[in-house]
Amino acid sequence: MLSRNKTFQKARGGLWILIVAAVVLEAISCIQYFTSRASIRNEAELRAKTELSRAELEIEKHTIEMETAAQLLAMLAERHVNNPDSIYSATRLIVGTIKNTSSVAVAYVPEYFPKKGWYFEVCSSRISSDSIYTRQIGSSAHDYTQMEWFLNGLKDANCLWSEPYLDDSGSQTYVVSCSCPVHGKNGEVVAVVCVDLSLDYLQQISEYLQIYKGSYYSIRSSKGEDIVAHPDTVAGQKYAIFAEDIEATGWTISIIIPDDVIYAELKRIGLIVSLLMLFGLVLLLFIIIRSAKNLINVVNLSNQQERMESELGIARSIQMAMLPTRFPPFDDYPNLAAYGVVIPAKEVGGDLFDFYIRENKLFFCIGDVSGKGVPASLVMAVTRSLFRSYTSYMDSPAQIVMQMNASLTDESNEQNMFVTLFLGILDLASGELRFCNAGHNAPIHLQSGQERCVVLHCVANLPLGVLAGFEYNGQAVSMNEGDTLFLYTDGLNEAENIGHEQFGDKRITECLTRSENEGPSEIIHTMQTEVATFVGDAQQSDDLTMFAFRLLNKSTINHQPSQIKTGHHSLVMRNDIQQIPTLAEWIDSLNLPQELNMPVNLALEEIVSNVMLYAYPENKSGQVLVEAETAPKRVVFTISDTGIPFDPTQQEEPDITLAAEDRQIGGLGIYLVRQLMDEIQYERKDNKNILTLIKNI
Amino acid sequence: MKTSIETNADQLIAHFEGRLDTAAAVQTTEDVKPLLNAANKEIVLDCTNLEYISSSGLRIFLAIRKEAAAKGSKVVVSNINADIRQVFMMTGFISLFEIK
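Residues numbered from 1 in each chain as written. Chains lettered and ligands numbered in written order. Predicted model: local features only at pLDDT ≥ 70, side-chain atom pairs only at ≥ 80, totals over all residues.

**Considerations on the sheet that holds strand 24 (residues 634-641) of chain A**
Residue and element names in this part refer to chain A.
Phase 1 of the analysis: Pairing in this open sheet of 5 strands is antiparallel, and the strands run 22-23-24-26-25 from one edge to the other. The strands lining the two open edges of the sheet, one partner per strand, are strand 22 (567-574) and strand 25 (679-685). The mean inter-strand angle of the sheet, taken between neighbouring strand axes irrespective of direction, is 15°.
Phase 2 of the analysis: Pairing geometry for strand 25 and strand 26 (residues 688-696), over 7 bridges, is antiparallel. Looking across to strand 26, one finds that Glu679 is bridged to Ile694.
Phase 3 of the analysis: Along the sheet face, helix 14 (residues 594-615) touches strand 22, strand 23 (623-630), strand 24 and strand 26 and points at about 170° away from the line of strand 26. (Pairing = 2+ DSSP bridges. Helix = DSSP H or I, 4+ residues; strand = E, 2+ residues; numbered from the N terminus. Axes fitted to C-alpha atoms, helices over the stretch in contact; angles between N-to-C directions. Contact = placed C-beta atoms within 7 Å.)

What follows is the structure, encoded as structure tokens:
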């Protein structure tokens, strides 16, 4: 569950990465957008200003041309101020010369030439590129005296420009007019010259002011009238205006660019960038999901592995519990010593050895299951139970092995695993060893009399589990007192060092020869050390099992100094003081060193009698359990009872220096126990008084 | 455990034989009663055949010692084995009795 949470945390971490990446990208694109926006606007302004300057020059070129024409015509009119008819050819000359004007006119103050009437205005208009139409157009219908250009001329100022107006008499288009006064002999203004500039033409020459598709431009007079406007409206949009004033005419040229137009490209790029960012984020999301999935898999895998490892640990402890842990000599069978060890290559292995004594016979076996690990260990466990069950009522090795083979070759063995096994029965009284070898390494017989190692001759039998109904042959050999039989699995002779050299049979027999006169446990420990030294840093490739037993000399047994044997002993006593002598007998059976007899006797008696006197009320039935754990270096006694809580260690110590008259009768018992034992501990547990005494040897 | 008392003119000798443990103490307490009544005598506790003594036995010895002192008698413990001597040492009894 924990690891699932971890996975979710990691996935959430991935989501965070995604969010942070999105925010960072967004921030970057925002900054990019605003900086680009500023530079694009600057660029637009620069471009607008450039075009405006150009337009200003272009327009001025034309206005100056018109002004020059107007002044020239005014000069001509002044020269022929008394000859009204000459003005026809003069206007015609000007229109013919100044290609960009649509029409020119000279309008005289009313009744200047009485012969010509109240109105007299001579006008030449361009009809086409090579045709000019000249006529008098002044009349009451065309009352030029009220027109702006005429009034401008009367102001006696050169080259004033009118507001745009429809030229109804001349070109029939919208025009602006430049006016110049014509002076009479006395310097008074007698007429006004007017040179028209067509707005259509102005628009035509300023078309390039539309610098963007969708931008606008305009030329306005000083009074705010549109001289040129294209297109007409920019209402309802955000826009930028760039303007330039033309000093001579007082006009203003403007370029108007809506924001949408300026930033169209930026918007397009922004859209592409956004799409790319979205794509990147989706890609990132995909990667995160994938890696989170992998992570979950890894976590699941490691969980599985942990579980497997813990199960292997359990399997190993179960397997180890199947192996013998207590080895002879036992009290009942003092003439046999035995020892064995299994060193699995993996956590659990397929090697086994087992033994037990029944009816003064040692039943033993050593075996090796093909393969290693859990499957082998399961077959090993089965083989061991088969050994135990068949030997419990049979005593012919060949028969037992055949029965075991029958069980291992039935349909349950689908894995086709086989077991090499050496099974033997040693008669402890006669030394006769009957055995059956099912394809296992032949054991080595250490013959004490001849001082030599002999590989036990074994007939070739198949391993167990190979062939159902195989006839196994039993054999027999005689073991003398002092002889040792050393059994092992191929993990010993095939143990390899880093150079892939095998330990081999020769090293085994050499080692055995050296430790010939030693007991089974010493032999095996020596062998273990030798093989470990040989293998060095190389990895153990196979399970390694050794088992050895020795038939001890009767004389050897008697002459050996009595040694305390490791073991557990117990005595149950009724709550009766008269039971005390059984304690002494039991202590005798522990075979403690002579010098311990009295102290142990005394201490135990004091404790037990204390329990009987104090923990159990008088005549109440009850029991006192006395246990001894003996080891070479110390003995641990445990005295437990189910009486009322009673802690003897809390009793007051007597003063042993007092004179006889002052000495108390009681309290001596526990005092003696303290003196006699090395440790004393009281514990009340599970409604029991438990007193532990330890005596070091 | 067996206790026998030998009576002389000015001497009472108690012969202990066997193990004087808690179980035996009850009977021994009965057996040594004659010693408790003796006045102005030498009381000898003969331990030649006494194999073992526990605190119950020590109490009997102490009771005899106290009673004797009160009645002007003198108590002698004779021929104790090494184990019993060790117990006497540990308990301070060695200085309460005259040991022979």
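What follows continues from the structure just given.
**Some remarks on the sheet that holds strand 17 (residues 444-447) of chain A**
Residues and elements named next belong to chain A.
Phase 1 of the analysis: Ordered in space as 12-21-20-17-18, the 5 strands form an open sheet in which the pairing is antiparallel. In this open sheet, the two strands that pair with only one neighbour each are strand 12 (336-343) and strand 18 (452-455). On average, adjacent strands in this sheet sit at an angle of 15° to one another, irrespective of strand direction.
Phase 2 of the analysis: Summarising the sheet, strand 17 and strand 20 (residues 484-488) pair through 3 bridges and their orientation is antiparallel. Residue pairing across strands places Ile444 opposite Phe486, the latter belonging to strand 20.

**Structural notes on the interface of chain A and chain B**
Phase 1 of the analysis: With 21 residues of chain A at the interface, the matching set in chain B holds 20 residues.
Phase 2 of the analysis: Contributing elements (two or more residues each) for the side of chain A that touches chain B: helix 13 (580-589), helix 14 and helix 15 (668-676) of chain A.
Phase 3 of the analysis: With 6 residues, helix 14 of chain A is the largest single contributor of residues to the side of chain A that touches chain B.
Phase 4 of the analysis: Split by residue class, the side of chain A that touches chain B holds 11 nonpolar, 6 polar and 4 charged. (Nonpolar A, V, L, I, M, F, W, Y, C, P; charged D, E, K, R; others polar.)

**With respect to unusual backbone geometry**
Residues apart from glycine generally show negative phi values, whereas peptide bonds are mostly found in trans.
All names here are of chain A.
Phase 1 of the analysis: Going from Pro328 to Pro329, the amide bond is cis rather than trans, its omega being 10°.
Phase 2 of the analysis: A positive phi is found at Asp156, a non-glycine position, where the angle reads about 60°.
Phase 3 of the analysis: Take Asp156: it is sitting in the loop between helix 3 (148-154) and strand 4 (160-161).
Phase 4 of the analysis: A positive phi angle is found at Asn591, which is not glycine, with a value near 55°.
Phase 5 of the analysis: Structurally, Asn591 is set in the loop between helix 13 and helix 14.

**Some points on the confidence of the model for chain A**
Phase 1 of the analysis: Per-chain confidence: chain A averages 84 in pLDDT, with 93% of residues scoring 70 or above.
Phase 2 of the analysis: Here residues 555-562 of chain A is modelled with pLDDT under 50, and outside its nearest four sequence neighbours on either side it reaches 4 contacts, counting other chains as well. (pLDDT = per-residue confidence, 0-100.)

**A short note on helix 11 (residues 520-535) of chain A**
Residues and elements named next belong to chain A.
Phase 1 of the analysis: Taking 1.5 Å of rise per residue, 16 residues should cover 22 Å, and helix 11 covers 22 Å from first to last C-alpha, within 8% of that figure.
Phase 2 of the analysis: All of the buried residues along helix 11 are Pro520, Ile523, Ile524, Met527 and Val531. Taken around the axis of helix 11, the buried residues stretch over an arc of 90°, which confines them to a single face. Pointing more than 90 degrees away from the buried face of helix 11 are the exposed residues Thr529 and Thr533.
Phase 3 of the analysis: Those residues of helix 11 that are buried are in contact with strand 12, strand 20, helix 9 (490-493), helix 10 (504-514) and strand 21 (544-551).
Phase 4 of the analysis: At the exit of helix 11 stands Gly536, carrying a positive phi of roughly 60°. (Expected span 1.5 Å × (residues − 1). Buried ≥ 20, exposed ≤ 12 C-beta atoms within 10 Å, placed from the backbone. Arc of directions from axis to C-beta.)

**Describing the pairing of strand 2 (residues 11-20) of chain B**
Residues and elements named next belong to chain B.
Phase 1 of the analysis: By the bridge criterion, 6 bridges tie strand 1 (residues 2-7) to strand 2 in an arrangement that is antiparallel. Each residue of the ladder has a partner; that of Ile5, found in strand 2, is Ala14.
Phase 2 of the analysis: Between the end of strand 1 and the start of strand 2, which pair antiparallel, lie 3 residues.
Phase 3 of the analysis: Sheet topology places strand 2 next to strand 3 (residues 42-53); 9 bridges connect them, and they run parallel. Bridging across to strand 3, Arg19 finds its partner in Tyr52.

**Brief notes about the nonpolar core**
Phase 1 of the analysis: Within the largest apolar cluster, 65 residues are counted, with the highest numbers of intra-cluster contacts made by Ala603, Leu604, Val608 and Val626 of chain A together with Ile43 and Leu45 of chain B.
Phase 2 of the analysis: For this core, the element with the highest residue contribution is helix 14 of chain A, accounting for 10 residues.
Phase 3 of the analysis: When residues no more than four places from it in sequence are discounted, the contact partners of Val626 of chain A are Ser570, Leu571, Met573, Leu583, Leu604, Val608, Phe637 and Ile639 of chain A.
Phase 4 of the analysis: Among the nonpolar cores identified, the runner-up in size contains 63 residues, and Ala338, Phe387, Met417 and Cys436 of chain A belong to it. (Core = buried A, V, L, I, M, F, W, Y, C linked by C-beta atoms within 7 Å.)

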